[in-house]
Amino acid sequence: EYGAFAYHQDNGNIAPPTSTAYDPSGGGFFDWINRLQLDASYGSFTGLLRLDTALYLNPPVAAPGNRRFETLLLHRYNNRFDLGKASVGYTNKWLEVTLGDSYVTFGRGLVLSLRKVDELTIDTSLRGLNVVGKAFGAKVNGVAGFSNIINIDPGTGRNAEDPNDFIAGARAEYAIGKYAIPGVDISHIRYSHNFSTEPQQNTDQVTAYSASLELPYLGPYGNAFVEYAQQRRLIGDSAEKHTAFYGSASGYLGPVTALVEYKDYRQYTPIGTSLDQTVYPELALSNFYNAQPTLERLQQPILNNSDISGVHARVDVEVCPGFAPFVSFARF
């Protein structure tokens, strides 16, 4: 059970009501956002059910005939009761099968990354079939289904239905002992509707694929990972191809730990949903079907992570137990 109760006070807008910048749509209301999740297991079988609730008290209401205020309140502050997540699964030594909602990340997320960041803002899953097979060092993961996002933006009360974009993908890897794991990935997203209203021959879609190599054990001294990906976007019958490279290496030498990362993205853009950014901006600009590594510190805003190259290095030194200062450097 997770619940968040909040009062949103005056949003600080000081423009007078006669100004076009006047926006009273974000303050003076209460909200209750709740996630109730039930899990069950029996032998090799598991089940999950999550109910999502959003309730609003005293939300802003537009005066009759105030068209601008009505536009600001569009798709906001609607009480909702949603079946957030639901799944059943079976697991044994060789096979894992999940029917319903599941999270999926291939490699470092360049090709496909459907994940949960926290309880309220980003929680994108695949509602469909997720199968993992393992045998003799090989592992194959295949997925197919439709996208399922969180339907409420807690900051603005904006709500949207699931985009239901079709997603299919697969990853195959083979462990060569404990020393190397080569892998290949592919994903295909077919949007539920085209971004343009103009007639076109093909449905908007994005296909991405990559090859990766993980070296998890370089003796006792470290590990490394590299991945090269390509992305083909077919939007409005116009095809574009973009590339991305990511590499990282960690080294351990007594109390010193060093990390070096490098990225080179050539117009390799995040794969967004089919939600209209002009109608559902908060939800459309926060939900994506992949997540290329940023390398920057987590709390640093990233204005462009699509057409950029550069390196990040970090060194930690354990001076004594419980005290490990570090230095970090990045240039892009």
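Here, the structure is the one placed above.
My aim in this report is to walk through the structure given alongside it, one point at a time.

About the cut-offs
Residues numbered from 1 in each chain as written. Predicted model: local features only at pLDDT ≥ 70, side-chain atom pairs only at ≥ 80, totals over all residues. Heavy atoms only, no water. 1 Å grid on protein atoms, 1.4 Å probe; cavity = no way out; pocket = protein on both sides within 12 Å on 5 of 7 lines; lining within 4 Å. Points joined across faces, edges and corners; volume = space filled by probe spheres on them. Helix = DSSP H or I, 4+ residues; strand = E, 2+ residues; numbered from the N terminus. Nonpolar A, V, L, I, M, F, W, Y, C, P; charged D, E, K, R; others polar. Pairing = 2+ DSSP bridges. Phe/Tyr/Trp six-rings, centres within 6.5 Å; stacked < 30°, edge-to-face > 60°. Buried < 20%, exposed > 50% of the residue type's maximum accessible area, 1.4 Å probe, protein only. Salt bridge = Lys/Arg side-chain N within 4 Å of Asp/Glu carboxyl O. Polar contact = N/O pair within 3.5 Å; in protein donor to acceptor, adjacent residues only side chain to side chain. Core = buried A, V, L, I, M, F, W, Y, C linked by side-chain atoms within 4.5 Å. Patch = residues over 30% accessible without salt bridge, like charges linked within 9 Å, V, L, I, M, F, W, Y side chains within 5 Å. Areas by Shrake-Rupley, 256 points an atom, 1.4 Å probe, with all protein chains shown as cover. Lys, Arg positive; Asp, Glu negative; His and termini not counted.

Remarks on the layout of surface pockets
For step 1, the next point in the chain: Reported here for the second largest pocket is a volume of approximately 390 Å³.
For step 2, the next point in the chain: Along the walls of the second largest pocket sit 20 residues, with Leu259, Glu261, Leu295, Glu296 and His312 positioned nearest its centre.
For step 3, the next point in the chain: Looking at the lining of the second largest pocket, the elements that each hand over two or more residues are strand S14 (238-253), strand S15 (256-266), strand S16 (308-317) and strand S17 (326-331).
For step 4, the next point in the chain: Taken together, the residues of the lining of the second largest pocket sort by class into nine nonpolar, five polar and six charged.

A closer look at empty space enclosed by the protein
Gaps left between atoms are located by rolling a probe of water-molecule size over the structure's atoms.
For step 1, the next point in the chain: This structure, assessed with the given rule, holds one cavity of 30 Å³ or more.
For step 2, the next point in the chain: Looking at the largest cavity, its volume works out to about 60 Å³.
For step 3, the next point in the chain: Take the lining of the largest cavity: its biggest share by element is three residues, from strand S3 (residues 45-57).
For step 4, the next point in the chain: The class makeup of the residues in the lining of the largest cavity is three nonpolar, two polar and four charged.

Observations concerning the pairing of strand S12 (residues 205-215)
For step 1, the next point in the chain: Pairing between strand S11 (residues 181-190) and S12: 10 bridges, direction antiparallel. The residue of S12 that forms the bridge with Arg190 is Gln205.
For step 2, the next point in the chain: Note: S12 against strand S13 (residues 222-235), 11 bridges, orientation antiparallel. Each residue of the ladder has a partner; that of Leu213, found in S13, is Val226.
For step 3, the next point in the chain: What sits between S12 and S13 in their antiparallel hairpin is a turn of six residues, with Gly219 showing a positive phi close to 60 degrees.

Some thoughts on the packing of aromatic side chains
Where two aromatic rings form a pair, the distance of their centres and the angle of their planes describe that pair.
For step 1, the next point in the chain: For the structure shown, the criterion picks out 12 aromatic pairs.
For step 2, the next point in the chain: On the numbers, 5.7 Å between centres and 65 degrees between planes, the contact of Phe146 with Phe166 is edge-to-face. One end of the pair, Phe146, is in strand S9 (residues 138-148); the other, Phe166, is in strand S10 (residues 166-174), and 20 residues separate them in sequence.
For step 3, the next point in the chain: Under the relative-accessibility criterion, Phe146 is labelled partly exposed at 41%.
For step 4, the next point in the chain: Residue classification places Phe166 among the partly exposed positions, given a relative accessible area of 30%.
For step 5, the next point in the chain: Measuring from ring centre to ring centre gives 6.3 Å for Phe245 and Tyr262, while their planes differ by 50 degrees; the resulting arrangement is tilted.

Overview of unusual backbone geometry
Residues apart from glycine generally show negative phi values, whereas peptide bonds are mostly found in trans.
For step 1, the next point in the chain: The backbone phi angle of His75 is positive, close to 60 degrees, even though this residue is not glycine.
For step 2, the next point in the chain: Note on placement: His75 falls in the loop between helix H1 (67-72) and strand S4 (80-91).
For step 3, the next point in the chain: Judged by relative accessible area, which is 28%, His75 ranks as partly exposed.
For step 4, the next point in the chain: Unusually for a residue other than glycine, Phe136 sits at a positive phi of about 55 degrees.
For step 5, the next point in the chain: Relative to the helices and strands, Phe136 is located in the loop between strand S8 (125-135) and S9.

Observations regarding the pattern of salt bridges
For step 1, the next point in the chain: Inspection of the entire model under this criterion finds 14 salt bridges.
For step 2, the next point in the chain: A salt bridge links Lys85 to Asp123, with the shortest nitrogen-to-oxygen separation between them at 3.6 Å. With Lys85 in strand S4 and Asp123 in the loop between strand S7 (113-114) and S8, this residue pair connects regions lying 38 residues apart in the sequence. When sorted by exposure, Lys85 lands in the same class as Asp123, which is buried.
For step 3, the next point in the chain: Across the pair Glu282 and Arg158 runs a salt bridge, and its minimum N-O distance is 2.9 Å. Highlighted residues: Glu282 in helix H2 (residues 281-284) and Arg158 in the loop between S9 and S10, separated in sequence by 124 residues.
For step 4, the next point in the chain: Take Arg158: its relative accessible area is 10%, and that puts it in the buried class.
For step 5, the next point in the chain: Salt bridges sharing partners connect three or more residues here, namely Arg50, Asp52, Lys85 and Asp123.

Observations concerning the side chain of Lys85
For step 1, the next point in the chain: The class of Lys85 is buried, set by a relative accessible area of 4%.
For step 2, the next point in the chain: A distance of 3.2 Å separates a polar atom in the side chain of Lys85 from the backbone oxygen of Asp123.
For step 3, the next point in the chain: Among the polar contacts made by the side chain of Lys85, one reaches the side chain of Ser125 at a distance of 2.7 Å.

Considerations on the nonpolar core
For step 1, the next point in the chain: Within the largest apolar cluster, 23 residues are counted, with the highest numbers of intra-cluster contacts made by Leu110, Leu112, Ile167, Tyr265, Tyr268 and Tyr289.
For step 2, the next point in the chain: Residue assignment for this core shows that the elements contributing at least two residues are S12, S13 and S14.
For step 3, the next point in the chain: Grouped together as the second largest cluster of nonpolar side chains are nine residues, Ala54, Tyr56, Tyr77 and Leu120 included.

Brief notes about a nonpolar patch on the surface
For step 1, the next point in the chain: On the surface, a nonpolar cluster with roughly 400 Å² of combined accessible area is contributed by Leu36, Leu38, Leu49, Leu51 and Leu83.
For step 2, the next point in the chain: Counting only elements with at least two residues in the nonpolar patch, the list comes to strand S2 (29-42) and S3.
For step 3, the next point in the chain: Residue class for Leu51 comes out partly exposed when judged on its relative accessible area of 39%.

Some words on the side chain of Arg233
For step 1, the next point in the chain: Mapped onto the fold, Arg233 is located in strand S13.
For step 2, the next point in the chain: One buried charged residue, Arg233, forms no salt bridge at all, with the nearest opposite charge on Glu240 at 5.6 Å.
For step 3, the next point in the chain: A distance of 3.0 Å separates polar atoms of two side chains, one belonging to Arg233 and the other to Thr269.

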